[in-house]
Amino acid sequence: MYDVLIIRYGEIGLKGQNKNSFIGQLIKNIDNAVTDLGDFEITTVYGRIYLHVDGKNLEKAAKRLTNVPGIVSISPAVTVKFDFESLKKNALKLFKKEVQDYPTTFKVNTRRADKSFPLKSPEINSEIGAWILRNIDSPERELNVDVHNPEHMLEVEIRRGKIYIFIKRFAGPGGLPVKSSGKALLLLSGGIDSPAAGWLGLKRGLSIDAVYFHSFPYTGDRAKEKVVDLSRVLSRYGGNIKLHIAYFTEIQQEIAKNCPERYTVTIMRRMMFRIANKIAAQNNDLALITGESLGQVASQTLEGIASSDDAAELPVLRPLITMDKNEIVDISKKIDCYDISIRPFEDCCTVFVPDNPVTKPKLDKVRAAENSLDIDKLLANALEKTEVMQINQKPE
Amino acid sequence: MSRKVYLDNSATTAADDEVVKAVTSMLTENYGNPSSAHRLGLKAEKIVEKARKELADYLQVNKKEIIFTSGGTESNNLAVQGITKSYHSRGSKIITTEIEHPSVRNIFLALEKEGWDVIWLKSDQKGYIDIEQLKNSLDKKTVLVSIMQVNNELGSVQNIEEIGKIIKKINPLCFFHVDGIQGFGKVFTDLKKSSVDLYSISGHKFHAPKGIGALYIRENIELQPLFFGGGQENDIRPGTENTPGIAGLIPAVKKLPILNRNINTDPELNRKRNYLYKSLSKMEDVVINSPKQGAPHILNFSVPGIKGETLLHALEAEGVFLSTGSACSSKSKENKVLKAVGLSSEKRDSALRISLNKNISRDDLDYTLEVLKSQIDFLKIF
């Protein structure tokens, strides 16, 4: 019976002059997310986007839209004819379809934007409410009206000669449409954190490129495959991703050979940022994104972060910085990355880990500790051997 | 990568050309269902019976005592679950070892949860089980002893004949299952003389296809099947026969070495293994974990200080494929066998397993040793 998805966006409605470009981007992203399901008409009315979907694909489309940043909520709705009898008939039908958990309570809520409809909102609420109550309430299906805290709300929206009715609301991620905030480079490992950080970046309207640091033979092809798979999942939400597989073996070996053991992780992080600087510059990325969370490991203390930032030339976004591991795991599960992230292969952060890493590195000591490295040469070599993969957006 | 030396033959083997031909013919020409009444069915049935005969002759048993399964895991499950279900009235104790393959170990863990009294036999560092513990554990209430012939990690070969005699002497009614998945065709086995009641075989360990296995079940044993169906394989293993896989066994078994009491391990593989053993013992960074006289195709060693996975990938880059004893830092993947035999964590983390096949040349081995040496020399700096 459903024929349309009503899509609500919150924050971007407030963006004044830029509003139209934000909405235009959101519509593009919606279109990309459902394009393989068919050719659907998209219309907009103030504060709403309507996706006219055929019934067969509606549920699938709604599910995908719950992952499109910028969307606050989605309701599958029924379009009914612009007369009160049709409204009554269809409202009852929809209510019977969606409500099964008797005894229960409900209310009707009408927004009449189109004032040409003969009845006013309060009249519609009470008429339709009474009609449903009369037709359903019985000893087997006990139903009451509760205007303050109803279990179900039947909503009626009357706009521009059309009436939409709906009961369900699915939450979207909120945030801003991907690509409305520019592009940043995600430092992606095979772990749980960095894909979650990437997703949060996408949710704030970024689009992303990614870099993974590959240390063959310390990490094998399966570790690389993991990162490719994670990028593929992220591309579902964020469009095409350019994944850079940076050659990191030599750098790790040189650090292990030449630098004091306690500083190897700190210096490794700095080298990662330096490679990221260069790759970001090549791709016009305006910031770096990492999955760091304060205090999670030795390199993620304030001092550790400061020594990483010292090597970064761009702003470093750390969306997870104040999150606990379980909060990060929840995000990872929600975006379908968790099962990939927990595949048990080495990543570059788990080899070459000293027993006793420095937790509060002092900048001058760090700089001195990496003095013996020929940083420019190492970077040039790493970039030369970096492989680029284009991960194209593919829903599910 | 130009050169390829495949040294992971305990994981699986490449199919021989004759095997591929036999398999293909069953998919394209003799594709009949052996249960069909017409001549295409008859043709397929004859090939299935020919394979059964081939296998039975090699093992010197009656062809009625061989049934086909989907592979080693199913054979082990059918044997252990079949016996414990059919004969639980005989007692409550079952015996196995701490170094079994997961397809045996995990059945025993499940049976232990069901209430069976499970005895786990210990083994020494080279992977030989404690015979005294076996003698002391066996009693009239013991229903089944299940012991692997060749350990898949270390290549230790248990003395099946001696064990069989001990079991039957203490309790003639106790069943003896041998997981022969790594031993079949590599180590001589006199099933009758060893009083083995059940023996598991897996096709893809000896150049036959994956998805085909067999179980020797001594006559007069009644096994409760794992699943029920249309009566094939004497109703012990119903389901339309995997005729391509079964046909693939014929040429694979024909190519197995002739083994007997005097030549009791594959002599060709033995020579190669001895060469490797000798060469590896001379390398100062290498510690050999396998017994000196073990299965002719398996050699396990450690390079303390270098993670097994790292060395595996470094060798892979040079075209040499082998496997780790203990994969990466993840606890879930920790190698239970190497731990059970008491190898230190340093040795476990750096363990590698070479497993040979008949096609590996001396030149391949020299190349492997050379690559191994140079990679160790390079990686040990860090």
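Since this is a predicted model, take the numbers as computed values, not measurements.

A. Examining the overall build of chain A more closely. Broken down by element type, chain A carries 13 helices and 15 strands. The dimensions of chain A, computed from C-alpha atoms along their principal axes, are 85 × 40 × 35 Å. Relative to its full complement of 396 residues, chain A shows a buried share of 54%. When contacts within chain A are restricted to residue pairs at least 6 apart in sequence, those whose partners lie at least 24 apart make up 81%. When the 55 positive and 51 negative side-chain charges of chain A are each reduced to one mean point, those points stand 4 Å apart.

B. How the structure looks around the overall build of chain B. Secondary structure summary: chain B contains 12 helices and 13 strands in total. Its C-alpha atoms give chain B a radius of gyration of 21 Å, within 12% of the compact-globule value 21 Å for 382 residues. Seen through its principal axes, chain B has C-alpha atoms that stretch 65 × 55 × 40 Å. Within chain B, the proportion of its 382 residues that are buried is 60%.

C. The arrangement of unusual backbone geometry in detail. Residue and element names in this part refer to chain A. Across the junction of Tyr102 and Pro103, the peptide omega takes the value 0°, indicating a cis bond. Counting through the fold element by element, Pro103 comes out in the loop between α3 (84–98) and β5 (104–112). Omega for the peptide link from Phe216 to Pro217 comes to 5°, which places this bond in the cis form. The topology assignment puts Pro217 in the loop between β11 (207–214) and α6 (221–238). Phi is positive for Arg160, close to 45°, though the residue is something other than glycine. Relative to the elements of secondary structure, Arg160 occurs in the loop between β7 (152–159) and β8 (162–166). When its relative accessible area of 66% is taken as the criterion, Arg160 is described as exposed. The phi dihedral of Lys179 falls on the positive side, at around 85°, and the residue is not glycine. Topologically, Lys179 is positioned in the loop between β9 (170–171) and β10 (183–187). Judged by its relative accessible area of 43%, Lys179 falls in the partly exposed class.

D. Region of interest: empty space enclosed by the protein. Residue and element names in this part refer to chain A. The tally for this structure, following the rule as stated, stands at one cavity of 30 Å³ or more. In this structure, the largest cavity occupies an estimated 90 Å³ of space. Around the largest cavity, the lining residues are Asn29, Asn32, Ala33, Val68, Pro69, Val178, Lys179, Arg236, Tyr237, Gly238, Gly239 and Gln393. Broken down by secondary-structure element, the contributors of at least two residues to the lining of the largest cavity are α1 (19–34) and α6.

E. Main features of helix α3 (residues 72–86) of chain B. Residue and element names in this part refer to chain B. Compared with the 21 Å implied by 1.5 Å per residue over 15 residues, the 21 Å span of α3 between its first and last C-alpha is a close match. Within α3, 11 of the 15 residues are buried, which leaves it mostly tucked inside the rest of the structure. Every buried residue belonging to α3 is among Gly72, Glu74, Ser75, Asn76, Asn77, Leu78, Ala79, Val80, Gly82, Ile83 and Thr84, and all of these are buried.

F. Representation of the packing of aromatic side chains within the structure. Considering all chains together, one arrives at nine aromatic pairs over all chains under this definition. One aromatic cluster is present, built from ring pairs that chain together B:Tyr58, B:Phe184 and B:Phe206. Lying over the aromatic face of A:Trp131, A:Lys88 brings its terminal NZ or CZ to 4.4 Å of the ring centre. In this structure, A:Lys385 packs its charged tip against the face of A:Tyr247, placed 4.6 Å from the ring centre.

G. Quick peek at a positive patch on the surface. Taken together, the side chains of B:Lys278, B:Lys282, B:Lys292 and B:Arg362 make up a positively charged region of the molecular surface. The topology assignment puts B:Lys292 in the loop between β9 (287–288) and β10 (298–302).

H. Structural context of helix α4 (residues 102–114) of chain B. All names here are of chain B. In this model α4 runs 18 Å from its N-terminal to its C-terminal C-alpha over 13 residues, within 8% of the 18 Å that 1.5 Å per residue would give. Those residues of α4 that fall on the buried side of the exposure criterion are Ser103, Val104, Arg105, Ile107, Phe108 and Leu111. Taken together, the buried residues of α4 touch α3, β3 (93–97), β4 (117–121), β5 (142–148), β6 (175–179) and α10 (336–340). One or two residues past the end of α4 sits Gly115, with phi positive at roughly 120°.

I. Focus on the environment of A:Asp336. Residues and elements named next belong to chain A. In this structure, Asp336 sits in the loop between α10 (325–334) and α11 (338–341). Accessibility expressed as a relative area gives 44% for Asp336, which makes it partly exposed. Separated by 103 residues in the primary sequence, Asp336 and Val233 have C-alpha atoms spaced 7.2 Å apart. Leaving out residues up to four positions away in the same chain, Asp336 has contacts with Val233, Arg236 and Tyr237. A polar atom in the side chain of Asp336 sits 3.1 Å from the side chain of Arg236.

J. Structural context of the domain arrangement of chain A. Domain boundaries assigned for chain A yield domain 1 (4–171) and domain 2 (183–391). Taking only C-alpha atoms into account, the centre of domain 1 of chain A sits 43 Å from that of domain 2 of chain A.

K. Layout of the nonpolar core. With 54 residues, the main nonpolar core has B:Ile66, B:Phe68, B:Val145, B:Phe176, B:Tyr199 and B:Phe206 as its most contacted residues. The residues that make up this core include at least three from each of domain 1 (5–14 + 265–379) and domain 2 (17–254) of chain B. Excluding its chain neighbours within four sequence positions, the residues that come into contact with B:Ile66 are B:Arg52, B:Leu55, B:Ala56, B:Leu59, B:Val61, B:Ala214, B:Leu215, B:Tyr216 and B:Glu233. By size, the runner-up hydrophobic cluster in this structure holds 46 residues, among which are A:Ile7, A:Ile30, A:Phe40 and A:Leu119.

L. Quick peek at the environment of A:Ala287. All names here are of chain A. When you line up the elements, Ala287 lands in the loop between α8 (264–283) and β13 (288–289). Among the residues examined, Ala287 registers a relative accessible area of 9% and is labelled buried. Taking the C-alpha atoms as reference points, Ala287 and Val316, separated by 29 residues in sequence, lie 5.8 Å from one another. Look past the residues within four positions of Ala287 in its chain and what remains in contact with it is Lys183, Ala184, Leu185, Leu314, Pro315 and Leu317.

M. Summary view of the packing of helix α7 (residues 249–258) of chain A against helix α13 (residues 375–384) of chain A. Residues and elements named next belong to chain A. Taken N-terminus to C-terminus, the directions of α7 and α13 make an angle of 155°; their axes are 9 Å apart at the nearest point. With respect to α13, the axis of α7 lies roughly antiparallel. For the pair formed by α7 and α13, the contact residues are Glu250, Ile251 and Glu254 on the first element and Leu378, Asn381 and Ala382 on the second. Tallied by class, residues from the contact of α7 with α13 come to three nonpolar, one polar and two charged.

Definitions and cut-offs
Residues numbered from 1 in each chain as written. Chains lettered and ligands numbered in written order. Predicted model: local features only at pLDDT ≥ 70, side-chain atom pairs only at ≥ 80, totals over all residues. Heavy atoms only, no water. Helix = DSSP H or I, 4+ residues; strand = E, 2+ residues; numbered from the N terminus. Buried < 20%, exposed > 50% of the residue type's maximum accessible area, 1.4 Å probe, protein only. Contact = heavy atoms within 4.5 Å. Lys, Arg positive; Asp, Glu negative; His and termini not counted. Charge placed at Lys NZ, Arg CZ, Asp CG, Glu CD. Rg over C-alpha atoms; globule rule 2.2 N^0.38 Å. 1 Å grid on protein atoms, 1.4 Å probe; cavity = no way out; pocket = protein on both sides within 12 Å on 5 of 7 lines; lining within 4 Å. Points joined across faces, edges and corners; volume = space filled by probe spheres on them. Expected span 1.5 Å × (residues − 1). Phe/Tyr/Trp six-rings, centres within 6.5 Å; stacked < 30°, edge-to-face > 60°. Lys NZ or Arg CZ within 6 Å of the ring centre and 35° of its normal. Patch = residues over 30% accessible without salt bridge, like charges linked within 9 Å, V, L, I, M, F, W, Y side chains within 5 Å. Areas by Shrake-Rupley, 256 points an atom, 1.4 Å probe, with all protein chains shown as cover. Salt bridge = Lys/Arg side-chain N within 4 Å of Asp/Glu carboxyl O. Polar contact = N/O pair within 3.5 Å; in protein donor to acceptor, adjacent residues only side chain to side chain. Domains from an automatic or database assignment. Core = buried A, V, L, I, M, F, W, Y, C linked by side-chain atoms within 4.5 Å. Axes fitted to C-alpha atoms, helices over the stretch in contact; angles between N-to-C directions. Parallel < 35°, antiparallel > 145°, perpendicular 65-115°, else oblique. Nonpolar A, V, L, I, M, F, W, Y, C, P; charged D, E, K, R; others polar.

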